[in-house]
Amino acid sequence: KPYRFSSEITEFSTNDGVFRSGFPPTESLTARNFYQVLYDGNVKLLKRNTVRIQLEKLYSSATQTKRFMKESTLYLLKNGAMIRLKKDKKSLLEALSDKQSQLETFINDEKLKMSKEEDILRVVERYEAQ
């Protein structure tokens, strides 16, 4: 028998972490879409996971192969606005521009690579701590 919920679910947890909806609409996403919450402070670091199906037909083959491409996009929720982050230093420092010089020093001193989620998370934590 399927489960029925009397109210709409806005948050759930898995082994991968906490997922939540109710954030401001951005791009093609609405408040009903779920994001993984990587950091939950005054600013929030959110991750949107999607799977894209890519059809491939190998040369000299009649059959098509489906390949599932997992993609993730990072967003920063700051002052009620959703900011899409690229995994680079410039994008993150622009989003956190009010403490840009202190964060740039922190990134350089710690030799952080903004291509890694863990390093982006460390910068957001540092932003909140200052």
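Residues numbered from 1 in each chain as written. Predicted model: local features only at pLDDT ≥ 70, side-chain atom pairs only at ≥ 80, totals over all residues. Heavy atoms only, no water.

Q: Got a minute to help me understand the overall build of the protein chain in this structure?
A: A count of helical and extended segments in the protein chain gives three helices and six strands. For the protein chain, the N- to C-terminal ordering of α and β elements is β-β-β-β-β-β-α-α-α. A compact globule built from 130 residues should have a C-alpha radius of gyration of about 14 Å, whereas the protein chain, at 18 Å, is more than 25% larger. Seen through its C-alpha atoms, the protein chain measures out along the principal axes to roughly 55 × 50 × 25 Å. Expressed as a percentage of its 130 residues, the buried residues of the protein chain come to 32%. When the accessible surface of the protein chain is summed, it comes to about 9100 Å², and 48% of that surface belongs to carbon and sulfur atoms. Computed over 24 positive and 18 negative side-chain charges, the separation of the two mean positions in the protein chain equals 6 Å. (Helix = DSSP H or I, 4+ residues; strand = E, 2+ residues; numbered from the N terminus. Rg over C-alpha atoms; globule rule 2.2 N^0.38 Å. Buried < 20%, exposed > 50% of the residue type's maximum accessible area, 1.4 Å probe, protein only. Areas by Shrake-Rupley, 256 points an atom, 1.4 Å probe, with all protein chains shown as cover. Lys, Arg positive; Asp, Glu negative; His and termini not counted. Charge placed at Lys NZ, Arg CZ, Asp CG, Glu CD.)

Q: Before we go on, may I ask you to explain the sheet that holds strand β2 (residues 17-20) in this structure?
A: Hydrogen bonds between backbone groups are what pair the strands of a sheet, and the pairing can be parallel or antiparallel. Taken in spatial order, the six strands of this open sheet run β1-β2-β3-β4-β5-β6, and their pairing is antiparallel. Sheet topology places β1 (11-14) and β6 (81-85) at the edges, where each strand pairs with a single neighbour. Between one strand axis and the next, the sheet turns through 40° on average, direction left out of account. Across four bridges, the pairing between β1 and β2 is antiparallel. Bridge pairing in β2 links E11 to R20. The strands that helix α3 (residues 117-129) touches are β3 (35-40), β4 (44-57), β5 (64-78) and β6; relative to β3, the one it contacts most, it runs at about 45°. (Pairing = 2+ DSSP bridges. Axes fitted to C-alpha atoms, helices over the stretch in contact; angles between N-to-C directions. Contact = heavy atoms within 4.5 Å.)

Q: What is the right way to read the nonpolar core from this model?
A: Nonpolar side chains tend to gather and get buried jointly when the protein is soluble and globular. Ranked by internal contacts, the top residues of the largest apolar core, which has 19 residues, are L85, L92 and V123. Those elements giving two or more residues to this core turn out to be β5, α1 (89-95), α2 (100-110) and α3. Of the residues forming this core, the biggest block, four residues, is contributed by α3. In this view, L92 contacts L85, M114, I120, V123 and V124; residues no more than four positions away in its chain are not counted. In terms of nonpolar packing, the next biggest core, distinct from the first, is built from eight residues, L29, Y35, V37 and L46 among them. (Core = buried A, V, L, I, M, F, W, Y, C linked by side-chain atoms within 4.5 Å.)

Q: Just to check I follow, could you spell out the environment of K44 for this structure?
A: Looking at the element boundaries, K44 is found in strand β4. Between the C-alpha atoms of K44 and L77, which are 33 residues apart in sequence, the distance is 5.0 Å. The residues contacting K44, other than those within four sequence positions of it, are R20, F23, Y39, Y75, L76 and L77. Here the side chain of K44 touches D40 through a polar contact of 2.7 Å, side chain to side chain. (Polar contact = N/O pair within 3.5 Å; in protein donor to acceptor, adjacent residues only side chain to side chain.)

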